[in-house]
Amino acid sequence: MSDDFTFRLKSIRFDEEYSPSDNTRITTNFANLARGENRQENLRNALRMIDNRFNALAHWDNPKGNRYSVELDIISVEMIIGAEGNNNAFPIIEILKTNIADRKTNERIQGIVGNNFSSYVRDYDFSVLLPEHNKNRPEFSMPDNFGDLHGNLFRNFLSSDAYKEHFSKPPVICLSASSSKTYHRTENRHPVLGVEYRQDELSSTDQYFQKMGMQVRYFMPSNSVAPLAFYFIGDLLADYTNLELIGTISTMETFQKIYRPEIYNANSSAGACYQPSLTHQDYSLTRIVYDREERSRLAIEQGKFAEEHFIKPYKSILEQWSVNHVR
């Protein structure tokens, strides 16, 4: 039945001219920055922050701190179900691809794919299915097989011809650390990723990404104030070059400073024992306007869209395929 699922990729450049399309989700976070009267200033400032952070981390042979520039492409993935083709195409996920422009050598260096991660089915799982499951329950719990379908769809995409034709390495997804967990600083330090933190137990997001075939490590890069969660397949420290890793750090740390300034733009750095908090008051704001309430609202709307146009219409097909999916 996996032969009935094929994938199609679309790419759009994320730059100061970026404008979200009316007929596609694009990535909610990026679309949020690119609306309103401050849209172009938002985009320009965000891209400048990314470039500045990249050059600060890639400081060798870079005396003026302006050698590199990061180029970003939003990759939208559609899944086509059955032989009907376009009529049954559904937007599965959106990820971000980095490329690095070296002004000294005039070389364009391939970066990492993944970085940000948006998914309609994930929105459905966390914003529709999970709240409904726990409604009127005395204790919080997870539904049976929670995340199995999403994990199998993601694994299927990574093994598809569409992924292999466009990308040579597995993805790395970089997210915020969980505000519900406590992280402990270790003695392990990477020259680019920085000092490693570890937690006592996996968060619900960690468990969800496990079903996608990804493990997690937490690192706080130099001059950062909180650890980032890096989800990966294989060996995070060995499979990617320093410049590839810096592209991901500079991009995703910038977005986290915008989206979660209480954690990633705090005025004090994480200590040896650290628990992130969105109620933390000692932080600085960026000059970028961002509507966090809209982000939460859209997650629910997009989860319901997935339920109506994907989960319910193809329920029997998806359940049969997911049960029989061989990992």
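Residues numbered from 1 in each chain as written. Predicted model: local features only at pLDDT ≥ 70, side-chain atom pairs only at ≥ 80, totals over all residues. Heavy atoms only, no water.

(A) Local environment of helix α7 (residues 242-259). Its 18 residues place the ends of α7 25 Å apart at the C-alpha level, agreeing with the 26 Å of an ideal helix rising 1.5 Å per residue. Most of α7 sits out of view: 16 of its 18 residues are buried. (Helix = DSSP H or I, 4+ residues; strand = E, 2+ residues; numbered from the N terminus. Expected span 1.5 Å × (residues − 1). Buried < 20%, exposed > 50% of the residue type's maximum accessible area, 1.4 Å probe, protein only.)

(B) Region of interest: the pairing of strand β6 (residues 183-190). Of the strand pairs in this sheet, β6 and strand β7 (residues 194-199) are connected by 5 bridges, and their pairing is antiparallel. Bridge pairing in β7 links Arg189 to Val195. With antiparallel pairing between neighbouring strands as the criterion, β6 and β7 make up a hairpin whose turn holds 3 residues. In the sheet, β6 pairs with strand β10 (residues 273-274) via 2 bridges, with the strands oriented antiparallel. Residue pairing for β10: Tyr183 is matched across the bridge by Tyr274. (Pairing = 2+ DSSP bridges.)

(C) Region of the structure containing the packing of helix α2 (residues 39-57) against α7. Interaxial distance between α2 and α7 falls to 8 Å at its minimum, and their mutual angle equals 135°. It follows from the interaxial angle that α2 and α7 lie oblique. Considering only the axes of α2 and α7, their crossing is right-handed. From α2, Ala46, Met49, Ile50, Arg53, Phe54 and Leu57 reach across to α7, where they touch Leu243, Ile246, Gly247, Ile249, Ser250, Thr251, Glu253, Thr254, Phe255, Lys257 and Ile258. Classifying every residue of the contact of α2 with α7 by side-chain character gives 10 nonpolar, 4 polar and 3 charged. (Axes fitted to C-alpha atoms, helices over the stretch in contact; angles between N-to-C directions. Parallel < 35°, antiparallel > 145°, perpendicular 65-115°, else oblique. Left-handed = near helix turned anticlockwise from the far one by under 90°. Contact = heavy atoms within 4.5 Å. Nonpolar A, V, L, I, M, F, W, Y, C, P; charged D, E, K, R; others polar.)

(D) Just the side chain of Ser178, in detail. Considering the arrangement of structural elements, one finds Ser178 in the loop between β5 (172-176) and β6. On the accessibility criterion, Ser178 (18% relative accessible area) is buried. Residues contacting Ser178, with those up to four places away along its chain left out, are Tyr183, Ser203 and Pro276.

(E) Spatial organisation of unusual backbone geometry. Positive phi is not limited to glycine here, since Asn106 has a value of about 60°. Summarising the element assignment, Asn106 is placed in the loop between β3 (89-102) and β4 (107-119). Of note in this structure, Asn136 is not a glycine but carries a positive phi near 65°. Among the structural elements, Asn136 can be located in the loop between α3 (120-134) and α4 (148-158). The exposure class assigned to Asn136 is exposed, which follows from its relative accessible area of 75%.

(F) Quick peek at α3. Between the first and last C-alpha of α3 there are 20 Å, a value that for 15 residues agrees with the 21 Å anticipated at 1.5 Å per step. Those residues of α3 not exposed but buried are Tyr120, Val121, Arg122, Asp123, Tyr124, Asp125, Val128, Leu130, His133 and Asn134. The N-cap residue of α3 is Ser119: its side-chain oxygen and the backbone nitrogen of Val121 are 3.3 Å apart. Positive backbone phi, at 65°, marks Asn136, one or two positions downstream of α3. (Polar contact = N/O pair within 3.5 Å; in protein donor to acceptor, adjacent residues only side chain to side chain.)

(G) Summary view of the sheet that holds β4. If you walk across this open sheet you meet the 10 strands as β1-β2-β3-β4-β5-β9-β8-β7-β6-β10, and the pairing is mixed. Two strands in the sheet have a free side with no partner beyond their single neighbour: β1 (5-14) and β10. In the sheet, strand β8 (residues 215-220) pairs with strand β9 (residues 228-232) via 5 bridges, with the strands oriented antiparallel. The residue of β9 that forms the bridge with Phe219 is Leu228. Of the strands in this sheet, β1, β2 (68-81) and β3 touch α2, which is tilted by about 115° from β2. Strands in contact with α3 are β3, β4 and β5; relative to β4, the strand with the most contacts, it is inclined by about 35°.

(H) Structural detail: the pattern of salt bridges. For the structure on display, the rule yields 14 salt bridges. One salt bridge in this structure joins Arg44 and Glu16, with 3.4 Å as the shortest N-O distance. With Arg44 in helix α2 and Glu16 in the loop between β1 and α1 (28-33), the pair connects residues that are 28 residues apart, well separated along the chain. Here Lys315 ties to Glu319 by a salt bridge, and the two come within 2.7 Å at their closest N and O atoms. Residue Lys315 and its partner Glu319 are both found in helix α10 (residues 315-324); the two are separated by 4 residues, about one turn of the helix. For Lys315, a relative accessible area of 45% puts it in the partly exposed group. Taking relative accessible area as the criterion, Glu319 reaches 43% and is therefore assigned partly exposed. When salt bridges with common partners are traced through the structure, they connect Arg8, Lys10 and Glu78 into a single cluster. (Salt bridge = Lys/Arg side-chain N within 4 Å of Asp/Glu carboxyl O.)

(I) A look at the packing of aromatic side chains. Taken as a whole and assessed by the stated rule, the structure comprises 21 aromatic pairs. Consider the rings of Phe14 and Tyr18, whose centres lie 5.3 Å apart with planes at 55°: the pair is tilted. Assigned by exposure class, Phe14 and Tyr18 land together as buried. Seen in terms of ring centroids, Phe90 and Phe305 are 5.9 Å apart; in terms of plane orientation they differ by 20°. Their pairing is stacked. Of this pair, Phe90 sits in strand β3 while Phe305 sits in helix α9 (residues 292-311); the two residues are 215 residues apart in sequence, bridging distant segments of the chain. Among the residues examined, Phe90 registers a relative accessible area of 4% and is labelled buried. An aromatic cluster is defined as three or more aromatic residues linked by ring pairs; in this entry it consists of Phe90, Tyr120, Phe305, Phe310 and Tyr314. (Phe/Tyr/Trp six-rings, centres within 6.5 Å; stacked < 30°, edge-to-face > 60°.)

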